[in-house]
Amino acid sequence: MNFDAIVLAGGRSSRLGGEPKAALRRGDRALLSVTLDAAAGAGRTVVVGDPSALVVPAGVLVVRESPAFGGPAAAIAAGVTVLAGPTPADYLLVLACDMPAIADAVPALLERAGRAVDGAIAVDGAGHPQYLAGVYRTASLAAAVRSHASRLENLSVRALLTGLDLDHTAVPPGSTSDVDTWADAARLGIDAPAAVPKETPMAAQNDDEKMAALAEWTGRLSAQLAVDGIDVDVDAVLALAGTVAHEVMRPAAPLTTYIVGYAAGLAAADGSITPRAAFERAAAVAAALARSDDR
């Protein structure tokens, strides 16, 4: 198959204390190098990220999304701009750089994309589509970028690709597992390239410490706002924020949790429903709306 590749290596890595994912190591290899090897069959490859922070082999292009940290849709657009020129490849392989076993998924994606209308995306073991592990017809992806050109910043990839007819492709178990937290890194055998940044109360080094810090902050804030005693399900709030950030756009996450909290408070005000049940009901509505959004 005639294809080029876009490797996404930007982002703030906020849940890793700012440690660049591209530089994380599995054994003696950086994740960026592992991902580039997974795309080895590409005619041309472009890495999207901070050029000053990336080490790439000769022949691999590096570009920056606009604006910087504008999100994965903006990063895909930057890659498409470089590769969808006068003589583009028929297909574009798009990979995030934080999936250490992604090479196991690429053959299936390439095979299925050739028989699909607009391309193929991986589906993980839980049935979730992985848009940053996909092979897209270049013309189709370029058209999607053009149609969203005025609002790419913080746009979800799902929204960017709305309207494309994509084959949902089963891939080997674990091949799309990604590194978002230090717990993920430990589970996947990933080491930081240097000492992990010193912890702060709201940016803990591992998930247990982070949750403890969040629980402490929640208690302090609740006391100051005179709502202490309410059972706050921190995991549920974070899960809702993550769903909305992924399915809609990142700035929608804090707005959603605010609106859901407000709605839950109103619903529980007359005492006919518990605050926890009110939150669960409002959160379920928000999550369902986010997943069905087709903006």
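First, a word on what this report is: a plain description of the structure on this page. Numbering of residues begins from 1 in every chain and follows the order in which that chain's sequence is written. Owing to the predicted nature of the model, reporting of local features is limited to residues with pLDDT of at least 70; listing and counting of side-chain atom pairs is limited to 80 or more, with chain, interface and lining totals taken over all residues. To get the side-chain values, take all heavy atoms of the structure and skip hydrogens and water.

A short note on the environment of Thr 218
So, point 1. Think of it this way: any DSSP run of H or I at least four residues long counts as a helix, any run of E at least two long counts as a strand, and we number them from the N terminus. Residue placement: Thr 218 occurs in helix H7 (residues 207-224).
So, point 2. Separated by 16 residues in the primary sequence, Thr 218 and Val 234 have C-alpha atoms spaced 8.4 Å apart.
So, point 3. With residues up to four places along the chain from it excluded, the contact list for Thr 218 reads Val 232 and Val 234. By definition, residues are in contact when any of their heavy atoms lie within 4.5 Å.

Topic: the nonpolar core
So, point 1. Residues enter a nonpolar core if they are buried and are Ala, Val, Leu, Ile, Met, Phe, Trp, Tyr or Cys, with the set joined through side-chain atoms within 4.5 Å. Residue burial is assigned from relative accessible area. The probe radius is 1.4 Å, only protein chains are included, and a residue is buried under 20% of its type maximum, exposed over 50%, and partly exposed in between. In terms of nonpolar packing, the biggest core is built from 29 residues, with Ile 6 and Leu 160 touching the most fellow members.
So, point 2. Contributing elements (two or more residues each) for this core: strand S1 (3-8), strand S4 (45-48), helix H2 (72-83), strand S6 (91-96), strand S8 (129-137), helix H4 (138-147) and helix H5 (157-160).
So, point 3. The dominant element in this core, judged by the number of residues it contributes, is H2, at eight residues.
So, point 4. For Ile 6, the contacting residues outside a window of four places in its chain are Val 46, Val 48, Ile 76, Gly 79, Val 80, Leu 83, Leu 92, Leu 93, Val 94 and Leu 95.
So, point 5. Tyr 91, Ala 113, Ala 120 and Ala 133 belong to the second-largest nonpolar core, a separate cluster that totals 21 residues.

Re the packing of helix H9 (residues 252-268) against helix H10 (residues 275-292)
So, point 1. Only the contacting stretch of a helix is used when fitting its axis, a line to C-alpha atoms as for every element, and angles between N-to-C directions run 0 to 180 degrees. Interhelical geometry of H9 versus H10 gives an angle of 135° and a closest axis separation of 8 Å. In terms of their interaxial angle, H9 and H10 are classed as oblique. H9 and H10 meet at a crossing whose hand is right-handed. Residue-level inspection shows Thr 256, Val 260, Ala 263, Ala 264, Ala 267 and Ala 268 of H9 in contact with H10, the latter providing Pro 275, Ala 278, Phe 279, Arg 281, Ala 282, Ala 283 and Ala 286.
So, point 2. Any residue outside Ala, Val, Leu, Ile, Met, Phe, Trp, Tyr, Cys, Pro, Asp, Glu, Lys and Arg is labelled polar, Gly included; the first ten of those are nonpolar and the last four are charged. Residues of the contact of H9 with H10, tallied by class, amount to 11 nonpolar, one polar and one charged. When an angle is under 35 degrees it counts as roughly parallel; over 145 it counts as roughly antiparallel; between 65 and 115 it counts as roughly perpendicular; any other value is oblique. Each helix crossing is assigned a hand: it is left-handed if the near helix lies turned anticlockwise from the far helix by less than a right angle, otherwise right-handed if that turn is clockwise.

Topic: the pairing of S8
A regular strand places its side chains on the two faces of the sheet in alternate fashion.
So, point 1. Criterion used throughout: strands pair if DSSP finds at least two bridges between them. The pairing of S6 with S8 spans five bridges and is antiparallel. Across the sheet, residue Val 94 finds its bridge partner in S8, namely Gly 134.
So, point 2. Taken together, the five bridges between strand S7 (residues 119-123) and S8 define a ladder with antiparallel strand orientation. Directly across from Val 123, in S8, lies its bridge partner Pro 129.
So, point 3. As consecutive antiparallel partners, S7 and S8 are separated by five residues, and within that stretch Gly 127 has a phi angle of approximately 85°, a positive value.

Notes on the side chain of His 148
So, point 1. With respect to the helices and strands, His 148 occurs in the loop between H4 and H5.
So, point 2. A polar side-chain atom of His 148 sits 3.3 Å from the main-chain carbonyl oxygen of Ala 159. Two N or O atoms count as a polar contact when they lie within 3.5 Å, although within protein this holds only if one can serve as hydrogen donor and the other as acceptor, and sequence-adjacent residues are included solely when both atoms are side-chain atoms.

Things to note about the packing of H2 against H4
So, point 1. One can describe the packing of H2 onto H4 by two numbers: an axis separation of 10 Å at closest approach and a directional angle of 125°. Classified by the interaxial angle, the pair formed by H2 and H4 is oblique. The handedness of the crossing between H2 and H4 is left-handed. Contact residues: Ile 76, Ala 77 and Val 80 in H2; Leu 141, Ala 142 and Val 145 in H4.
So, point 2. Each residue belonging to the contact of H2 with H4 can be placed in one class, and the counts come to six nonpolar, no polar and no charged.

A word on the pattern of salt bridges
So, point 1. Basic side-chain nitrogens of Lys or Arg form a salt bridge, by our definition, when they fall within 4 Å of a carboxyl oxygen of Asp or Glu. One pass over the structure, following the stated rule, counts seven salt bridges.
So, point 2. Two residues, Lys 21 and Asp 98, come together in a salt bridge whose shortest N-O distance is 3.0 Å. With Lys 21 in the loop between S1 and strand S2 (25-26) and Asp 98 in the loop between S6 and helix H3 (106-113), this pair connects stretches of sequence that are 77 residues apart.
So, point 3. Take Lys 21: its relative accessible area is 16%, and that puts it in the buried class.
So, point 4. Asp 98 sits in the buried class, given a relative accessible area of 7%.

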